[in-house]
Every structure is written in C-alpha cells, then in structure tokens.
2 protein chains.
Amino acid sequence: MATNDAYGTSGAKDNNSKYDADFTQHVIDLMSPETKPRHREILTSLIKHMHDFCREVNLTQDEWIIGVNYVNSIGQAYKKNRNEAWRVCDILGIESLVDEINHKIVSDEGLSPTSSAILGPFWSPETPFRDLGASVVQDMPKDGQLTLFHGTIKDVETGKAISDAVFDMWQASTNGKYDVFDPENQTRHNLRGKFRTDENGKFWFYCLKPTEYAIDTSGPSADLLGIMGRHPNRPAHIHMMVTHPDYIGVTAQLYPNDDRWLETDTVSAVKDDLLLDFKPIQNDPKGAVLDVEYHVRLLSNKYKPDSTMLMGNANQNKF
Amino acid sequence: MATNDAYGTSGAKDNNSKYDADFTQHVIDLMSPETKPRHREILTSLIKHMHDFCREVNLTQDEWIIGVNYVNSIGQAYKKNRNEAWRVCDILGIESLVDEINHKIVSDEGLSPTSSAILGPFWSPETPFRDLGASVVQDMPKDGQLTLFHGTIKDVETGKAISDAVFDMWQASTNGKYDVFDPENQTRHNLRGKFRTDENGKFWFYCLKPTEYAIDTSGPSADLLGIMGRHPNRPAHIHMMVTHPDYIGVTAQLYPNDDRWLETDTVSAVKDDLLLDFKPIQNDPKGAVLDVEYHVRLLSNKYKPDSTMLMGNANQNKF
C-alpha cells in the first residue's frame, strides 16, 4: 500500500511536494480572532487531519464525491432510535477511543483502576436497588443459564475494600434485546439491578450468562462494515456502572472470556481486564449453573480530572 | 493552543502516552484480507487521522456528541439543489484541495500551466459556440459593466500559440445568479459562451465585469462558518474551461484583482495566477467600458496522469 508521507500531522511544509504547502494554514487562518479558543483548537486539528488525509491518499475527485454522498447518507438514515453517525463512529472505533481519552486515569504510582468501556444506549437511570443475593432475572428465558455473579470492589492504591459502593448492572436477554426495547417479552427492569457493597466491599447477585448479538445490518453504517469485510457482531456482555462518592466511577462492559468475537468486536470495546470466567457449579440454592467472580478496582476522587464527565448526557438518542 | 503530539500521522506508539498505543492499529486490522486495496488505503488513513484528531485535542464526550449530532444534521439538511456535505467541504477547503491534488501538474522543467480551481455547480454542457468578438451578454442588467475580454492560449513549454483551443466561459449576472437558476430574469445561455482560438491562439469576446455574491447563510454549513467567525462571501469571478485535444485542459475561476474577498474566499479557491486586471476603456465599438487581458498556459497531453479526470462527473447535484 503506497502512501504519501509528504505531509505530517502538523501539515508541515515539504518543499518537495508539488502541492501548495501554505494552503492548509490559509484555511485555518480564515478563522476570525474572535473564534472561541476551544473551537479554534478543535477545528485547526480537524482541518489539518482532513487535508493530510486527502493528500496522503491522493484522493481523486470521484472518491471525494463518494465521500460527500456518504456523509449526506448518514443524516438521511437518521431517525428515532437510529443514530447513524454514532454507529459509524462505533465501527471506526471512535466512541471507544473517546471513552478512553475521557476515562483513562492512573495513580501517582502508575496503578490503573478497572478499565472503562462505552456506556452504550441501554443504561437506565430508573433501575431499582435490589438486595445482595437477589436475582435480576424476572423473566427466565428457556435458553438462559442462571449465573451467580460475585466480587469485591477495592481501592486500587490501598487495596482496601470499599463498602457502600453501587454496582449497577444491565444486560440483554438471550434474544439480544434489553427490557425497554423488547416490551412484549420482558417486564420492566428485567435483567437490571443496582447492588450496594457490604462492609467488606462485597456484592453478589444472580443474572444470566450474556448472549452475543449482531448490530443492525442495514444502512450506511452497515455498508461501511461491508466495504471493510467486517462482521456485525458484538461479543456477549454484561454492562456495569460502579459508583461511590469518594471514588472515580467506572462504566464498562464485561465479556465471557470464551466469546468468539472478543478480538473483532464491531465497536472495539473489549479490554483485557474486562473478561469474565464462567465456571460450572452444582447445588446452588437458587439453581445457578454457572459462577463468575469479578473484582473492581477504583481510584480515589483526588485523581479526578477537571473536565466534567457527564456520562448520562452522552446517552442521548442512540440507536 | 496546547496540542498533544504523542501521536503522529502514522499512529506511532509513544510509550509515554497513557492511551493504548495499539488501539488504532487494532481497528485498522479489523478489515478483512479481502478488502479492496484502495478501500484499505483510504480507510486506513481515515481511521488514523480521525483517531489522531481525537487524541490531539483530547476530545471530550460532550464534544464528540456535538460532532455526532453535527454529522447527522448535514444529511438532514440535504435536498435538491442543496448538497450540504459538499458545502461543508468547501468551507473547510477540501474541494479546493482535492481539485489541486487532481490537477496540479508541472512540466519536466518545472513549468506550471494555468492553475486549476473548482468547477462549481453551474457549468453547462450545452453552452453554444459563439463567434470571436461576440457578446455573451444577452440580457444586459442595468448595473452591468460591459467588458472586452481577450487573451492568448499558449503551450507553457514552447510558448507556441495554440489554435483551435476552446475557451468555455460562464458567469453570474450582477444579481449573483446564473441563467438556469434565475429563469424569470435571464434567457437561456445568457452569460455563457464557447470561443475557439484563431490561428494565433487568440480569443476575444464581450462579457460583464463579474459581481461578488454570498453563499447561502442557513443550515449546518452556515453554522460552521458562524463558529469560525467567517463571512459567507465569494469574490466575483468568471468561470473558464479551456480544452484542446493535444493538451491537458484547465478549469478555473478568474477574479478581479481588486476584489475585497480574494484573501478570504469562503471556498478558498483563489490562486495568484487567476487574477484579472480590469482597465477602463473608451470608444469601444460595442460600448465596452472595461478591458481585460488574460493569457492561458496549457501543458501537453504527454504529462497527463493515468487516473481519469472526469470533471463532468464531479458536477453532480451541488447546491
């Protein structure tokens, strides 16, 4: 694959290039002195990268027209419960990357809390608290595998167990659908629950082993997958949002470590420390057939970055 | 303006970065081995640049959502005679850049033909040939300034005059509108004409001194201009498309050298060798009040690049 390295990220001049080395800066400099600094910073970088992209691949006019038509098609496919630009970002890894940019934090000693992964569109602010040991499975599907899920939430620096932390979880049923998006088959709050850790930082509850599912395979986002020869599958996962007033919260997705789509997740949201090991068990008092243990590491609020992470706000109108 | 230089165009690893240095390559590697080479090349570069952009500006989740909503809004604003993605590209200088990428050619001795500039949406394949010395002004506006336009078309390497070259021109009337987009006020082919050079490579005709105009100031493209504190004006211009079977054609826009928007053209399509010097004249037999001389330099077909430049095809459905 031949690429043209004449231009770097910075849009630097290269006297050997036949293209006008001042052009990109000219476009940037059209911004008025009153442009807000953050707008200027973002648009400067965007213009440089878009121009460098065009030069790097020597984009033809026909290819550019295809791109113009593609961008138009994204908004044309937008409708309620189908945010096409969001989907395209997911396929290109952009939502996962932005998630990492906003949530990657390490302690002074270089210790990392549990990794973050994308929130997704299905979190509910109305999920009820349930007692430790309760089951989130209100509607048991025939092919469901009841699982005892348990673990501890600890301070990553001190190793101290964190009591009164909230482990908020949600998952799709075996048909790949979440309660609110499957109203005929699931009662409200099915497969959702909030659990408060005990004095030893422990939490435990019953849920299902999660089931893999494919994202919608129509529209411009699916066309993009097709061009890249990629499948539409997400690995099975359980969502979690862990919070405590004294700690930086973690929102992530947890995946069975034997899932076949871990390496090729269509939204690139799998991280090594988010894997679950489901083990067969017998004689569980509630009839669970699998057991999974997962520990969460949190970092103190003192490491909280200045920028406000309004995760709830990010959950607008997706899919 | 602080930027993060941790990632170069190549998405190179930087051990000092807190972000996963393998993430971008991971997303690229999701493409299947069967992906067409050109698709792979373009998407690889696009993914790298989009990821580098996000990291460079430390894009927040809220900013990313704004971007997602903005991309959706582009296609939602699309309609007949309004290609919003095309407009956004124009504002960001992308159409002009792609035009340069596809048309910048120099001779072996480093001699440049007349610069190219964007075709725009108003070229017509049906423009009639007119006799040398004819006027394209079928409908004379009250505020029009009749101009005698003349020049020579030459071979940039040999200096030889090129006979039988076609100088195809079109321009808006003083109200900023082109014939087909102003059907109540202009007869067909008003301010359009094709002229064939004589045995000395010369052409001459009568037209108007062109008038500046603003692009539409509604919709997402205009919002982008607003954020950047930019005006919506294009400098006045006359379009030309020069062709000859033995030479590489040139399509460009020619601008009065005293136009106030030359430096800040909203679509960044002005180049130094595309300026016109309008001089007052008296006693012209057809009553012209201005005279302008412009010479066109063409480069032999032997320099033609392999890729087909289907300029007519680029003129799809704009605005």
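Everything quoted here is computed from the prediction, not taken from an experiment. (Residues numbered from 1 in each chain as written. Chains lettered and ligands numbered in written order. Predicted model: local features only at pLDDT ≥ 70, side-chain atom pairs only at ≥ 80, totals over all residues. Heavy atoms only, no water.)

## Looking at the overall build of chain A
Thought 1: A count of helices and strands for chain A gives six helices and 12 strands.
Thought 2: Taken over the C-alpha atoms alone, chain A extends approximately 75 × 45 × 35 Å along its principal axes.
Thought 3: Counting over 319 residues, chain A shows a buried share of 58%.
Thought 4: In chain A, once contacts between residues fewer than 6 apart in sequence are set aside, the share between residues at least 24 apart is 72%. (Helix = DSSP H or I, 4+ residues; strand = E, 2+ residues; numbered from the N terminus. Buried < 20%, exposed > 50% of the residue type's maximum accessible area, 1.4 Å probe, protein only. Contact = heavy atoms within 4.5 Å.)

## Examining the side chain of B:Ser115
Residue and element names in this part refer to chain B.
Thought 1: The topology assignment puts Ser115 in the loop between helix 5 (94-103) and strand 1 (146-155).
Thought 2: Within polar-contact distance, the side chain of Ser115 engages the side chain of Asp273 at 2.9 Å.
Thought 3: If sequence neighbours within four positions are ignored, Ser115 has contacts with Val250, Thr251, Ala252, Lys271, Asp273, Leu274 and Arg297. (Polar contact = N/O pair within 3.5 Å; in protein donor to acceptor, adjacent residues only side chain to side chain.)

## Overview of the UniProt feature "domain: Catechol dioxygenase N-terminal" (unreviewed entry) in chain A
Thought 1: In the numbering used here, UniProt assigns the "domain: Catechol dioxygenase N-terminal" (unreviewed entry) feature to residues 37-105 of chain A.
Thought 2: Taken end to end, residues 37-105 of chain A has its terminal C-alpha atoms 25 Å apart, with 80% of it in helix and 0% in strand. (UniProt positions renumbered as here; feature names shortened; annotations may be inferred.)

## Looking at unusual backbone geometry
Thought 1: Of note in the backbone geometry, A:Asp164 takes a positive phi value of approximately 65° without being a glycine.
Thought 2: Mapped onto the fold, A:Asp164 is located in the loop between strand 1 (146-155) and strand 2 (166-170).
Thought 3: The phi dihedral of B:Asn58 is positive, around 45°, even though this residue is not glycine.
Thought 4: Here B:Asn58 lies in the loop between helix 2 (37-56) and helix 3 (61-77).
Thought 5: Note on B:Asn58: relative accessible area 34%, which makes it partly exposed.

## Digging into the packing of helix 4 (residues 84-91) of chain B against helix 6 (residues 219-227) of chain B
Residues and elements named next belong to chain B.
Thought 1: Two elements in contact, helix 4 and helix 6, have axes separated by 8 Å at closest approach and are oriented at 20°. Judged by the angle between their axes, helix 4 and helix 6 are roughly parallel. Here helix 4 and helix 6 pass one another in a crossing that is right-handed. Counted together, Glu84, Arg87, Val88 and Ile91 of helix 4 and Gly219, Pro220, Ser221, Leu224 and Leu225 of helix 6 form the full contact between these two elements.
Thought 2: Taken together, the residues of the contact of helix 4 with helix 6 break down into five nonpolar, two polar and two charged. (Axes fitted to C-alpha atoms, helices over the stretch in contact; angles between N-to-C directions. Parallel < 35°, antiparallel > 145°, perpendicular 65-115°, else oblique. Left-handed = near helix turned anticlockwise from the far one by under 90°. Nonpolar A, V, L, I, M, F, W, Y, C, P; charged D, E, K, R; others polar.)

## Some words on the relation of the copies chain B and chain A
Thought 1: Expressed as a screw operation, the relation of chain B to chain A combines 0.0 Å of axial shift with a rotation of 180°, fitting to an RMSD of 0.0 Å. These values place the two chain copies in the arrangement generated by a two-fold rotation axis. Taking C-alpha positions as the reference, the residue of chain B nearest the rotation axis is B:Gly75, at 1.9 Å.
Thought 2: Of the residues that chain B buries at the interface, 100% are likewise interface residues in chain A, meaning the two copies contact each other through the same surface. (Least-squares fit on C-alpha atoms with pLDDT ≥ 70 in both.)

## Section: the environment of B:Ile248
Residue and element names in this part refer to chain B.
Thought 1: In this structure, Ile248 sits in strand 8 (residues 247-256).
Thought 2: With a relative accessible area of 13%, Ile248 lands in the buried category.
Thought 3: In this structure the C-alpha to C-alpha distance between Ile248 and Lys160, which are 88 residues apart in sequence, comes to 15 Å.
Thought 4: When near neighbours in sequence (up to four residues on either side) are disregarded, Ile248 contacts Ile105, Leu298, Leu299, Ser300, Asn301, Tyr303 and Lys304.

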